[in-house]
Amino acid sequence: MTRTLLAAASAVALLALGACGDNAGAPGSQAARSGIWAAGSSTVFPFATRVAENFQRTTGGSAPRVEALGTGGGIQAFCQGIGPSTPDIANASRPMKKSEFELCQKNGVTEIVEIKIGYDGIVVATARTGSSFNLRLQDLYLGLGKEVPGAGGAFVANPATTWNQVNPALPNQRIQVYGPPPTSGTRDAFLELGMAPGAKLIPALAALDEADGDRFETIAHTVREDQMWIDSGENDNAIVQTLTRTPGSLGVFGFSFLEQNMDTVKAETIDGIAPSVETIADGSYPLARSLYIYVKKQHVGVTPGLEQFVMEFMSEASAGRGGYLQDRGLVPLPETELAGQRAIAQALTVMTAPAN
């Protein structure tokens with residue numbers, strides 16, 4: 001509920017700050033806002049909030065404002081321009097898309113620093129009292145894809161209503177999955193890491209991928225709209241709570257939320273591999289992903305403390321192995337990779353355009 005309210009408040013805040021003046025896009029106008037503003041991924045939200053708390057405690061300055069708008073919503077706000085009506089940082093649970101980068105460039109956000117802060121995994125979970133699943137990647141697509149291969153090579157509306165119709169080895173339970181909405185980076189990552197690879201394991205979809213990549217992407221990235229998949233907002237904790245109230249349902253959310261709720265929910269294996277700090281860090285868990293913050297370099301030196309906040313995020317005490325973000329569920333980067341990302345943060349190295 002808290003995160004849902006934050007998301008609603010964020011929309012109001014965007015409108016209010018947007019009224020600061022017509023010169024909001026001018027670099028000098030940033031002085032109208034004194035505090036740091038970060039917005040975006042609900043997965044990164046608890047990590048950014050923890051860093052903000054520590055930053056305020058150690059500096060004695062204003063508390064940075066951290067808002068959960070979803071990755072897409074945060075980047076959209078970030079890319080609106082330069083000035084007090086736009087965030088200093090976009091939190092993201094997937095890489096910035098080429099189209100988003102181009103929106104930033106169009107609106108004058110020409111210096112963006114991309115920093116990988118650690119890893120997370122997307123879990124498919126059930127209530128601890130529920131049946132156990134050993135899902136294959138193709139089961140995710142066959143159970144949740146809006147269209148599946150039918151007779152004669154045509155694609156038809158997904159007819160499966162129970163999991164054992166998808167795979168006889170799965171429980172005879174109705175398909176009912178609560179997951180994040182289209183604005184969420186978790187949703188994007190689930191499609192990229194789960195649904196699309198699962199679709200490619202099906203011969204008809206593999207052939208389509210070779211013949212018409214755009215058509216394949218549309219089919220593989222579209223979830224059901226018949227209440228088998230239920231969009232549940234940006235609040236991952238609400239999904240966790242729903243699983244305990246809805247016997248037989250599954251939920252899709254970030255690994256950090258699993259760790260915080262192990263007493264009530266359990267993660268199902270994907271291709272026989274359970275999500276853990278180890279399997280996410282070494283990439284063996286199929287739904288492992290990277291987490292990012294995007295920093296508006298044009299706000300550095302204008303928004304007080306912004307550079308120091310970024311370095312606190314990347315400090316050994318925060319993002320390092322055994323750091324306080326690991327206590328919140330972040331899977332730390334290996335030491336050499338963390339050193340590389342810390343160097344990017346220190347130098348404020350501007351990113352190049354994404355490939356897609």
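None of the values given here were measured: they were computed from a predicted structure. (Residues numbered from 1 in each chain as written. Predicted model: local features only at pLDDT ≥ 70, side-chain atom pairs only at ≥ 80, totals over all residues. Heavy atoms only, no water.)

### A look at the overall build of the protein chain
Put simply, the rule is: In this text, helices come from DSSP runs of H or I with a minimum length of four residues, and strands from runs of E with a minimum of two, each type numbered from the N-terminal end. Computation of the radius of gyration draws on C-alpha atoms alone. For the globule rule, the value is 2.2 Å times the number of residues to the power 0.38. To sort residues, take the accessible area from a 1.4 Å probe on protein chains only and compare it with the maximum for the residue type: under 20% means buried, over 50% means exposed, and anything in between is partly exposed. Contact definition: two residues touch when any of their heavy atoms are within 4.5 Å. All accessible-area figures derive from a Shrake-Rupley calculation using a 1.4 Å probe, and residue coverage is judged against the displayed protein chains alone.
A count of helices and strands for the protein chain gives 16 helices and 13 strands. For 356 residues, the compact-globule estimate of 2.2 N^0.38 gives 21 Å, and the protein chain sits close to it at 21 Å. Its C-alpha atoms put the protein chain at 60 × 40 × 40 Å along the principal axes. When burial is assessed residue by residue, the protein chain has 54% of its 356 residues classed as buried. Of all intrachain contacts in the protein chain linking residues separated by at least 6 positions in sequence, the fraction that spans at least 24 positions is 75%. Surface accessibility of the protein chain: about 14,300 Å² in total, with carbon and sulfur atoms responsible for 54%.

### With respect to unusual backbone geometry
Phi angles above zero are rare outside glycine, and Gln227 is one such case at about 70°. Inspection of the secondary structure assignment puts Gln227 in the loop between α9 (213-220) and β9 (229-231). Of note, the phi angle at Leu348 is positive, near 50°, even though the residue is not glycine. Inspection of the secondary structure puts Leu348 in the segment after α16 (335-347). Since its relative accessible area comes to 9%, Leu348 is described here as buried.

### Digging into the pairing of strand β2 (residues 65-68)
Quick reminder of the rule: We treat two strands as partners when DSSP finds at least two bridges between them. Note on handedness: a crossover is taken as right-handed if, strands pointing away from the viewer, the path from the first strand over the helix to the second is clockwise.
Relative to β2, strand β1 (residues 37-40) is paired through 4 bridges, and the arrangement is parallel. Residue pairing across strands places Gly40 opposite Ala68, the latter belonging to β2. Crossover connection from β1 via helix α2 (residues 45-59) to parallel β2: handedness right-handed.

### Some thoughts on helix α4 (residues 98-106)
Which entries qualify depends on this criterion: Throughout, the arc means the angular range of directions from the helix axis out to the C-beta atoms.
If you check which residues of α4 are buried, you get Glu100, Phe101 and Cys104. Down the axis of α4, the smallest arc covering the buried residues is 100°, so these residues share one side. The inward-facing, buried residues of α4 abut α3 (71-78) and β4 (112-127). Within two residues after α4, Gly108 carries a phi angle of roughly 90°, on the positive side.

### Thoughts on the packing of helix α13 (residues 306-313) against α16
Our working rule: Here the axes come from fitting lines to C-alpha atoms, over the contacting stretch only for helices, and the angles between their N-to-C directions go from 0 to 180 degrees. Throughout this description, any angle smaller than 35 degrees is read as roughly parallel, any larger than 145 degrees as roughly antiparallel, any in the 65 to 115 degree range as roughly perpendicular, and the remainder as oblique. Nonpolar residues are Ala, Val, Leu, Ile, Met, Phe, Trp, Tyr, Cys and Pro. Charged residues are Asp, Glu, Lys and Arg, and all others, Gly as well, are polar.
As a packed pair, α13 and α16 sit with axes 10 Å apart at the nearest point and diverge in direction by 175°. It follows that α13 is roughly antiparallel to α16 by the angle criterion. Residue-level inspection shows Glu307, Val310 and Met311 of α13 in contact with α16, the latter providing Arg342, Ala345 and Gln346. Residue classes in the contact of α13 with α16 are distributed as 3 nonpolar, 1 polar and 2 charged.

### A few points about the packing of aromatic side chains
To keep it simple, the criterion reads: Under the pairing criterion, centres of Phe, Tyr and Trp rings, with the six-membered ring standing for Trp, must be within 6.5 Å; the plane angle then separates stacked pairs below 30 degrees from edge-to-face pairs above 60, leaving the rest tilted. The rule for a charge over a ring is simple: NZ of Lys or CZ of Arg within 6 Å of the ring centre, and within 35 degrees of the ring normal.
Within the structure shown, the criterion is met by 5 aromatic pairs. Plain terms: the ring middles of Phe133 and Trp163 are 6.1 Å apart, the flat faces sit at 85° to each other, and that makes the pair edge-to-face. Of this pair, Phe133 sits in the loop between β4 and β5 (134-135) while Trp163 sits in helix α6 (residues 163-166), placing them 30 residues apart in sequence. When the centroid spacing of 6.0 Å and the interplanar angle of 85° are considered together, the rings of Phe309 and Phe313 count as edge-to-face. Pair noted here: Phe309 and Phe313 are both in helix α13, with a separation of 4 residues, about one helical turn. Phe309 gets classed as buried once you look at its relative accessible area, which sits at 1%. Assessed through its relative accessible area of 1%, Phe313 is described here as buried. Through a chain of ring-to-ring contacts, the aromatic side chains of Phe55, Phe309 and Phe313 assemble into a single cluster. Against the face of Tyr324 rests Arg50, its NZ or CZ located 4.1 Å from the ring centre. The ring centre of Trp37 lies 4.4 Å from the NZ or CZ of Arg65, which sits over that ring.

### Quick notes on the confidence of the model for the protein chain
To keep things clear, this is the line we draw: Scored from 0 to 100, pLDDT reflects the predictor's confidence in each residue.
Averaged over every residue, the pLDDT of the protein chain is 88; the share at 70 or more is 90%. When the criterion is pLDDT under 50, residues 1-31 qualifies, and its contacts beyond four places in sequence or with other chains add up to 49 contacts.

### Considerations on the environment of Ala154
Mapping Ala154 onto the fold places it in the loop between β6 (147-149) and β7 (155-157). Classification of Ala154 as partly exposed rests on a relative accessible area of 36%. Ala154 has contacts with Val148 and Pro149, leaving out every residue within four places of it along the chain.

### Some remarks on the pattern of salt bridges
Spelled out, the test is: For salt bridges, the criterion is a side-chain nitrogen of Lys or Arg within 4 Å of an Asp or Glu carboxyl oxygen.
Considering all chains together, one arrives at 14 salt bridges under this definition. As a salt-bridge pair, Glu100 and Arg94 come within 2.7 Å of each other at their nearest N and O atoms. Given a relative accessible area of 12%, Glu100 falls into the buried group. Relative accessible area serves as the criterion here: at 7%, Arg94 is assigned to the buried category. In this structure, Glu316 and Arg342 form a salt bridge, with 3.2 Å as the shortest nitrogen-oxygen distance. Of the two residues, Glu316 sits in helix α14 (residues 316-319) while Arg342 sits in helix α16, which places them 26 residues apart along the sequence. Each of Arg94, Lys97, Glu100 and Asp188 takes part in salt bridges that share partners, so that together they form one network.

### A look at a negative patch on the surface
Worth spelling out the cut-off: In this analysis, a patch consists of residues with relative accessible area above 30% that form no salt bridge, clustered at 9 Å for like charges and at 5 Å for the nonpolar side chains Val, Leu, Ile, Met, Phe, Trp and Tyr. Under this rule, positive means Lys or Arg and negative means Asp or Glu; His and the chain ends count for nothing. Taken as the charge centre is NZ of Lys, CZ of Arg, CG of Asp or CD of Glu, depending on the residue.
A cluster of acidic side chains, namely Glu192, Asp212, Asp214 and Glu217, defines a negative patch on the protein surface. Counting through the fold element by element, Asp214 comes out in helix α9. A relative accessible area of 61% places Asp214 in the exposed class.

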